[in-house]
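# Breakdown of the fold
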Amino acid sequence: MADGSMPLAFTSEVETATGPIWEKVKTRVTPLEWRLQAPLVAAINALKREKNAVILAHNYMTPEIFHGVGDYVGDSLGLAREAAKSDAAVIVQAGVLFMAETSKVICPDKTVLIPDLRAGCSLAASITGADVRLIKQRYPGVPVVAYINTTAEVKAEIDICCTSANAVQVVEHVAAEWGVDRVILLPDEFLARNVARQTAIKIIAWQGRCEVHERFDATDIIELRAAYPHAEILAHPECPAEVLELADFAGSTAAMTDYVMRRKPRQVVLITECSMADNVACDAPETEFVRPCNLCPHMKRITLENIYEALLHHQFEVKVEASIAARARLAVQRMIDMPPPATPARYDLVKARHHVDVELI
Ligand code: SF4
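Computed from a predicted model, the values in this text were never measured in an experiment.

A count of helical and extended segments in the protein chain gives 15 helices and 14 strands. Viewed in the frame of its principal axes, the protein chain has a C-alpha envelope of about 65 × 55 × 30 Å. Put simply, the protein chain has 361 residues, and 50% of those count as buried. For the protein chain, contacts bridging at least 24 residues in sequence account for 69% of all contacts bridging at least 6.

Attention shifts here to the domain arrangement of the protein chain. Domain boundaries assigned for the protein chain yield domain 1 (12–119 + 298–313), domain 2 (124–208 + 321–342 + 354–360) and domain 3 (213–290). Taking only C-alpha atoms, the centre of domain 1 and the centre of domain 2 are 29 Å apart. Listed per partner, the contact involves 13 residues of domain 1 and 15 residues of domain 2. When contributions to the side of domain 1 that touches domain 2 are tallied by element, the ones reaching two or more residues are α4 (76–85) and α5 (97–106). Per element, the largest residue contribution to the side of domain 1 that touches domain 2 is 6 residues, and it comes from α5. Looking at side-chain class alone, the side of domain 1 that touches domain 2 contains 7 nonpolar, 2 polar and 4 charged residues.

Here the focus is the site of the ligand. Taken together, Val 96, Cys 121, Ser 122, Leu 123, Asn 149, Cys 210, Glu 211, Val 212, Glu 273, Cys 296, His 298 and Met 299 form the complete shell of residues around the ligand. A per-class count over the shell around the ligand returns 7 nonpolar, 3 polar and 2 charged.

With that settled, the discussion passes to the sheet that holds strand β2 (residues 72–74). Within a sheet, adjacent strands bond to each other through the backbone by hydrogen bonds, running parallel or antiparallel. Read from one edge of the open sheet, 4 strands run β2-β1-β3-β4, paired in parallel fashion. Where the open sheet ends on each side, the last strands, each with one partner, are β2 and β4 (111–113). Neighbour to neighbour, the strand axes of the sheet diverge by 20 degrees on average, direction disregarded. Bridging between strand β1 (residues 53–58) and strand β3 (residues 90–94) involves 5 bridges; their strand directions are parallel. Each residue of the ladder has a partner; that of Ala 57, found in β3, is Ala 94. Helix α14 (residues 304–313) rests against β1, β3 and β4 of the sheet, and its axis sits at about 160 degrees to β3.

It is worth spelling out unusual backbone geometry at this point. For the bond from Leu 186 to Pro 187, the omega torsion is -15 degrees, close enough to zero to count as cis. Looking along the chain, the bond that leaves Gln 315 and enters Phe 316 is cis, with omega of -10 degrees. Considering the arrangement of structural elements, one finds Phe 316 in the loop between α14 and α15 (322–337). Despite not being glycine, Asn 52 has its phi angle at roughly 50 degrees, a positive value. By secondary structure assignment, the location of Asn 52 is in the loop between α2 (31–51) and β1.

With that settled, consider the environment of His 230. Tracing the backbone through its elements, the reader meets His 230 in the loop between α10 (218–227) and β9 (232–235). His 230 has contacts with Arg 266 and Gln 267, leaving out every residue within four places of it along the chain.

Turning our attention to the packing of α5 against α15. Packing of α5 against α15 leaves a shortest axis separation of 9 Å and a crossing angle of 95 degrees. In terms of axis orientation, α5 runs roughly perpendicular to α15. Here α5 contributes Thr 102, Lys 104, Val 105 and Ile 106 to the contact with α15, which in turn contributes Ala 325, Ala 328, Arg 329 and Val 332. In terms of residue class, the contact of α5 with α15 is built from 5 nonpolar, 1 polar and 2 charged.

Side chains of strand β5 (residues 144–147) alternate between two faces, with Val 144 and Ala 146 and Val 145 and Tyr 147 buried alike. Note: β5 against strand β6 (residues 160–162), 3 bridges, orientation parallel. In the strand pairing of β6, Tyr 147 is matched with Cys 162.

With respect to topology, 5 strands assemble into an open sheet ordered β12-β11-β9-β10-β13, the strand pairing being mixed. Each having just a single partner strand, β12 (288–290) and β13 (346–347) make up the two edges of the open sheet. Two strands pair when backbone bridges link them, and β9 and strand β10 (residues 249–251) are joined in this way by 2 bridges, in the parallel orientation. Each residue of the ladder has a partner; that of Leu 234, found in β10, is Phe 249. Sheet strands in contact with helix α12 (residues 253–263) are β9, β10, β11 (267–271) and β13, and its direction is about 135 degrees off that of β10.

Its place among the elements puts Arg 182 in strand β7 (residues 182–186). Placed 35 residues apart in sequence, Arg 182 and Tyr 147 show a C-alpha to C-alpha distance of 16 Å.

Our next topic: α2. When the terminal C-alpha atoms of α2 are compared, their 30 Å separation across 21 residues agrees well with the 30 Å that a helix rising 1.5 Å per residue should span. Among the residues of α2, Trp 34, Gln 37, Ala 38, Pro 39, Leu 40, Val 41, Ala 42, Ala 43 and Ile 44 are the ones counted as buried. Looking at the buried residues of α2, the elements they touch are α1 (12–25), α3 (63–66) and α14. In the stretch just after α2, Asn 52 is the one whose phi turns positive, near 50 degrees.

On to the nonpolar core. Judged by nonpolar contacts, the single largest core of 118 residues is most densely connected at Val 145, Leu 234 and Ile 307. In contact with Val 145, other than residues within four places in its own chain, are Ile 158, Asp 159, Ile 160, Cys 162, Val 170, Val 171, Val 174, Val 183, Ile 184 and Leu 185.

Parameters at a glance
- Counting from 1, residues in each chain are numbered in the order their sequence is written.
- Only residues with pLDDT of at least 70 get local features here, since the model is predicted, and only at 80 or more are side-chain atom pairs given and counted; chain-wide, interface and lining totals rely on the full set of residues.
- Starting at the N terminus, helices and strands are each numbered in turn, a helix being any DSSP run of H or I of at least four residues and a strand any DSSP run of E of at least two.
- Exposed residues have 12 or fewer other C-beta atoms within 10 Å of their own C-beta, buried residues have 20 or more, and partly exposed residues fall in between, where C-beta atoms are placed from the backbone.
- Any pair of residues counts as being in contact when their C-beta atoms, constructed from backbone geometry, are within 7 Å of one another.
- These domain boundaries are the output of an automatic or database domain assignment.
- Note on residue categories: nonpolar means Ala, Val, Leu, Ile, Met, Phe, Trp, Tyr, Cys or Pro, charged means Asp, Glu, Lys or Arg, and polar means any other residue, Gly included.
- We count a residue as near a molecule or strand when its backbone-placed C-beta atom lies within 6 Å of that partner.
- Whether two strands pair depends on DSSP finding at least two bridges between them.
- Here the axes come from fitting lines to C-alpha atoms, over the contacting stretch only for helices, and the angles between their N-to-C directions go from 0 to 180 degrees.
- If an angle is under 35 degrees, it is roughly parallel; if it is over 145, roughly antiparallel; if it lies from 65 to 115, roughly perpendicular; otherwise it is oblique.
- Expected helix span is given by 1.5 Å per residue-to-residue step, counting one fewer step than there are residues.
- The nonpolar core criterion groups buried Ala, Val, Leu, Ile, Met, Phe, Trp, Tyr and Cys residues into a set whenever they are joined through C-beta atoms within 7 Å.

Shown next, in the form of structure tokens:
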């Protein structure tokens, strides 16, 4: 709209243009909501073409964003790979700030926008570059792996990045490369503990937490089993180990999606952020999703309205200081250059070593 006001008219053109998206999301979005959302979806998709922009939408975006305007959708690793391949001039990160920083680090010549600068992350906020420098002084000769959920400043200090989809693979790769038997894995304590159960490499961990996944506990799983005895329970490795122990499967968001799409369980519970179940449900109509529902308040700052504003007004541009970006890029690129797993990595709960401890910094 020329005056920048929100495009709210649900015209027949909008209805036709967004019809295929409605077919996909109609089990998760009400007709009344769609009358408000569809004009924005249509306007955003038109603005993307006009501005040579793409939208990278994380699995934790709501369905109207994920299925409605996302050009590339997936987990942090998948989005980082897509950012690297994209030839668009503008990337709009429908996710949180560390993801936008990662896109900028990988694509320094592109304009990277985030619709709300307050979209943070409790894990990324748990550690600074100065912390990592002190850790390296304390553990000389020990490689530092950091979860992608960190700031560019932290990535600039580490040896290689990982995500929950490849953390075990990265830890074992870097240990072999350095010829060592211990690795520092930052900043998620629970991910570090769950990785430690999957490998013979000793893990040194930081005490960061994801505020969404740390809220799940064993009681939740026991109660879910009692209430839904036929449901298959899938848990994310940012959850405490006691949750993974009681689950049927554990893996990254990509691995959980893969599990549902391949195995088509009759009833499933995804122990992760709420919107993930909604997005997978749109593609798996034969599966019933039980929703234990913990919302990420940071992800939920991203809306159709502020994506529209971001494209229209070219806001808010994410910049990373050149010397930090150059060093952070090395850590991200080392991860991207590793061969992707043939299927999304799972945390093998049968083989898991149950009495492994980690050294906490
Ligand atoms: S779900 Fe957890 S790890 Fe992901 S952005 Fe939110 S707080 Fe950070």
